[in-house]
Amino acid sequence: MGILLSCCQKNSASPTVRVNQVVDVSYVCDPGTRNPVAVPPAIAVPEFTQLNDLDFEVGKPVLRMSDLKMPAEMDLERIPSDHPRASTIFLKKSQMDVRGKNMKNNSDHMSPGVLREKHSSCSTIFLDESTMSHPNNRNTVHCLVLAIYYHIKNRDANRSKDIFEEHLHPFTEETNPKEYFHHSPDPESIYSFIRPLLNAFKLTGEFAITILVYIERLVVYAEIDIGPTNWKRVVFGAILLASKYLYDLPLWNVHFCRVMKTITLKDLNALERQYIYLLQFNLYVSTSIYAKYYFDLRTLAADHELPIAFAPLQKKRAQNLEAISRYCENPNLYRVAIKKFSSYDHFTDAQIANAIAILS
């Protein structure tokens with residue numbers, strides 16, 4: 001028939017072929033001698049005709065690709081600097097001491113801060129001078145200091161990176177004793193380190209909140225702890241990145257070396273490069289994350305009874321708040337009239353009149 005080779009398969013005792021069953025014997029006929037020649041056995045290909053052959057278990061759900069969750073998405077829900085619903089780390093650590101103080105106090109005793117607290121009513125609205133767009137600088141910096149203090153005091157371990165170790169990259173020319181790195185700094189020492197840096201570059205309360213977000217993002221991403229040996233370089237790196245990312249004017253590392261005269265430009269470049277790499281180049285802070293940290297810092301201020309001056313809402317301030325809110329509702333006016341991190345204090349009388357007249 002024109003076919004050089006023909007295959008013949010020996011009849012099996014049963015026509016049923018099971019999965020991965022090997023056929024007993026196969027032969028190939030030589031066209032010259034017509035004698036059968038044995039060949040190696042072949043794997044039979046199964047043919048399923050019924051669903052019962054798939055061995056499904058009754059009552060067991062079938063796993064679909066849509067049911068799977070990526071590990072990154074699961075971790076994102078536990079990262080407070082990326083997920084709005086995740087609790088901030090500093091507030092959890094501060095609650096350890098706040099709960100202890102509350103347990104020591106008598107339940108019948110009311111603190112003076114609670115007695116001085118003012119509440120709004122139908123006829124009077126009490127507001128402080130702090131808003132999300134323009135938080136109070138002094139209180140925000142004090143809360144940032146407390147947040148860093150509780151990070152150091154209630155740290156889980158002593159994990160760190162060499163780039164942040166102060167004994168490897170000292171900030172001062174003087175050699176610090178070994179006991180210096182065995183004791184946690186007090187809030188006054190942290191404040192004396194942070195405040196001059198913020199004043200030198202005119203960084204306001206919005207920067208302080210962003211600095212805290214970067215610090216907690218670094219703690220989670222790099223899996224480190226803030227301790228006595230690394231807290232200065234961790235905080236300084238966060239100030240460096242926040243000022244460059246948020247500031248309207250360009251800042252160079254040479255400017256920071258002029259403030260911190262003991263640090264070299266090479267060391268500062270290495271710190272910035274490693275810091276942003278550990279943050280996975282994620283410097284963006286969403287509005288929801290910023291708002292969460294702002295209100296958690298206010299909670300921290302209330303727990304420590306920091307002085308917050310409340311005053312009745314006056315007509316002029318109400319008009320200012322209404323003007324900035326209406327500018328925010330109109331994107332065109334918002335881009336023209338409001339610069340980054342502007343607030344009602346920066347509005348002129350003409351802008352307030354235009355906002356109320358045009359948008360009302």
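Up top is the structure these notes are about.
Computed from a predicted structure; not experimentally measured.

A. Quick peek at the overall build of the chain. Secondary structure assignment for the chain yields 13 helices and five strands. Expressed as a percentage of its 360 residues, the buried residues of the chain come to 35%. Here the contacts in the chain between residues at least 6 apart in sequence split such that 77% fall between residues at least 24 apart. For the chain, the computed accessible surface area is about 23,400 Å², with 56% contributed by carbon and sulfur atoms.

B. Summary view of the environment of arginine 217. Positionally, arginine 217 belongs in helix 6 (residues 205-221). Setting aside its immediate chain neighbours within four residues, arginine 217 contacts Ser81, Asp82, Leu279, Asn282, Leu283, Tyr284 and Val285. In terms of polar contacts, arginine 217 uses its side chain to reach the backbone carbonyl oxygen of serine 81, at 2.7 Å. Among the polar contacts made by the side chain of arginine 217, one reaches the main-chain carbonyl oxygen of tyrosine 284 at a distance of 3.1 Å.

C. Region of the structure containing the side chain of aspartate 225. Tracing the backbone shows aspartate 225 in the loop between helix 6 and helix 7 (231-246). Given the relative accessible area of 6%, aspartate 225 is considered buried. Polar contacts involving the side chain of aspartate 225 include one to the side chain of arginine 159, which spans 2.8 Å. The contacts of aspartate 225, once residues within four sequence positions are left out, are Arg155, Asp156, Ala157, Asn158, Arg159 and Asn230.

D. Quick look at the packing of aromatic side chains. A full pass over the atoms with the stated rule returns 10 aromatic pairs. Ring centres 5.9 Å apart and planes at 45° place the aromatic pair phenylalanine 207 and tyrosine 247 in the tilted group. Linking phenylalanine 207 in helix 6 with tyrosine 247 in the loop between helix 7 and helix 8 (253-259), this pair joins segments that are 40 residues apart in sequence. With relative accessibility at 5%, the residue phenylalanine 207 sits in the buried group. Here the basic side chain of arginine 233 rests over the ring of phenylalanine 171, its NZ or CZ set 5.8 Å away from the ring centre.

E. Summary view of the nonpolar core. In this structure, Phe164, Phe193, Ile194, Ile215, Leu218, Phe236 and Tyr275 are the most contacted members of the largest nonpolar core, which totals 63 residues. Among the secondary structure elements, those contributing two or more residues to this core are helix 2 (89-104), helix 4 (137-153), helix 5 (187-200), helix 6, helix 7, helix 8, helix 9 (265-278) and helix 10 (287-303).

F. Representation of a nonpolar patch on the surface. A cluster of nonpolar side chains, namely Trp252, Val254 and Leu265, defines an oily patch on the protein surface of about 310 Å² accessible area. Among the structural elements, valine 254 can be located in helix 8. Overall, valine 254 belongs to the partly exposed group, its relative accessible area being 37%.

G. Quick peek at the pattern of salt bridges. Summed over the entire model, instances satisfying the criterion amount to six salt bridges. Between lysine 93 and aspartate 156 there is a salt bridge whose closest N-O contact spans 3.6 Å. A residue pair is termed long-range when its members are at least 10 positions apart, and lysine 93 in helix 2 and aspartate 156 in the loop between helix 4 and helix 5 qualify at 63 residues. When its relative accessible area of 65% is taken as the criterion, aspartate 156 is described as exposed. Taking the shortest distance from any N to any O, the salt bridge between aspartate 267 and arginine 233 comes out at 3.0 Å. Here aspartate 267 is found in helix 9, whereas its partner arginine 233 is found in helix 7, with 34 residues between them in sequence. Both residues of the pair, aspartate 267 and arginine 233, count as buried.

H. The arrangement of the environment of asparagine 176 in detail. Within the secondary structure, asparagine 176 sits in the loop between helix 4 and helix 5. The sequence separation of asparagine 176 and glutamate 166 amounts to 10 residues, and the corresponding C-alpha distance is 9.5 Å. Sequence-distant contacts of asparagine 176, defined by excluding residues within four places in its chain, comprise Glu166 and Phe181.

I. Summary view of unusual backbone geometry. The phi angle at glutamate 223 is positive, at roughly 55°, despite the residue not being glycine. Here glutamate 223 is to be found in the loop between helix 6 and helix 7. A relative accessible area of 54% places glutamate 223 in the exposed class.

J. Molecular detail of the packing of helix 6 against helix 10. The N-to-C vectors of helix 6 and helix 10 enclose an angle of 100°; their axes lie 10 Å apart at closest approach. On the basis of their axis angle, the class for helix 6 and helix 10 is roughly perpendicular. Taking contact as the criterion, the partners of Glu206, Ile209, Leu212, Val213 and Glu216 in helix 6 are, on helix 10, Ile289, Tyr290, Tyr293, Tyr294 and Leu297. When its residues are assigned to classes, the contact of helix 6 with helix 10 shows eight nonpolar, no polar and two charged.

K. Region of the structure containing the environment of phenylalanine 201. When you line up the elements, phenylalanine 201 lands in the loop between helix 5 and helix 6. Residues phenylalanine 201 and phenylalanine 256, 55 residues apart in the sequence, show an inter-C-alpha distance of 8.9 Å. Not counting residues up to four positions away in its chain, the partners in contact with phenylalanine 201 are Tyr247, Leu251, His255, Phe256 and Val259.

L. Structural detail: helix 6. Here helix 6 contains 17 residues, and its C-alpha end-to-end distance of 24 Å stays within 8% of the 24 Å for a straight helix at 1.5 Å per residue. Among the 17 residues of helix 6, 16 are classified as buried, and the element is accordingly described as predominantly covered.

What counts, and at which threshold
Residues numbered from 1 in each chain as written. Predicted model: local features only at pLDDT ≥ 70, side-chain atom pairs only at ≥ 80, totals over all residues. Heavy atoms only, no water. Helix = DSSP H or I, 4+ residues; strand = E, 2+ residues; numbered from the N terminus. Buried < 20%, exposed > 50% of the residue type's maximum accessible area, 1.4 Å probe, protein only. Contact = heavy atoms within 4.5 Å. Areas by Shrake-Rupley, 256 points an atom, 1.4 Å probe, with all protein chains shown as cover. Polar contact = N/O pair within 3.5 Å; in protein donor to acceptor, adjacent residues only side chain to side chain. Phe/Tyr/Trp six-rings, centres within 6.5 Å; stacked < 30°, edge-to-face > 60°. Lys NZ or Arg CZ within 6 Å of the ring centre and 35° of its normal. Core = buried A, V, L, I, M, F, W, Y, C linked by side-chain atoms within 4.5 Å. Patch = residues over 30% accessible without salt bridge, like charges linked within 9 Å, V, L, I, M, F, W, Y side chains within 5 Å. Salt bridge = Lys/Arg side-chain N within 4 Å of Asp/Glu carboxyl O. Axes fitted to C-alpha atoms, helices over the stretch in contact; angles between N-to-C directions. Parallel < 35°, antiparallel > 145°, perpendicular 65-115°, else oblique. Nonpolar A, V, L, I, M, F, W, Y, C, P; charged D, E, K, R; others polar. Expected span 1.5 Å × (residues − 1).

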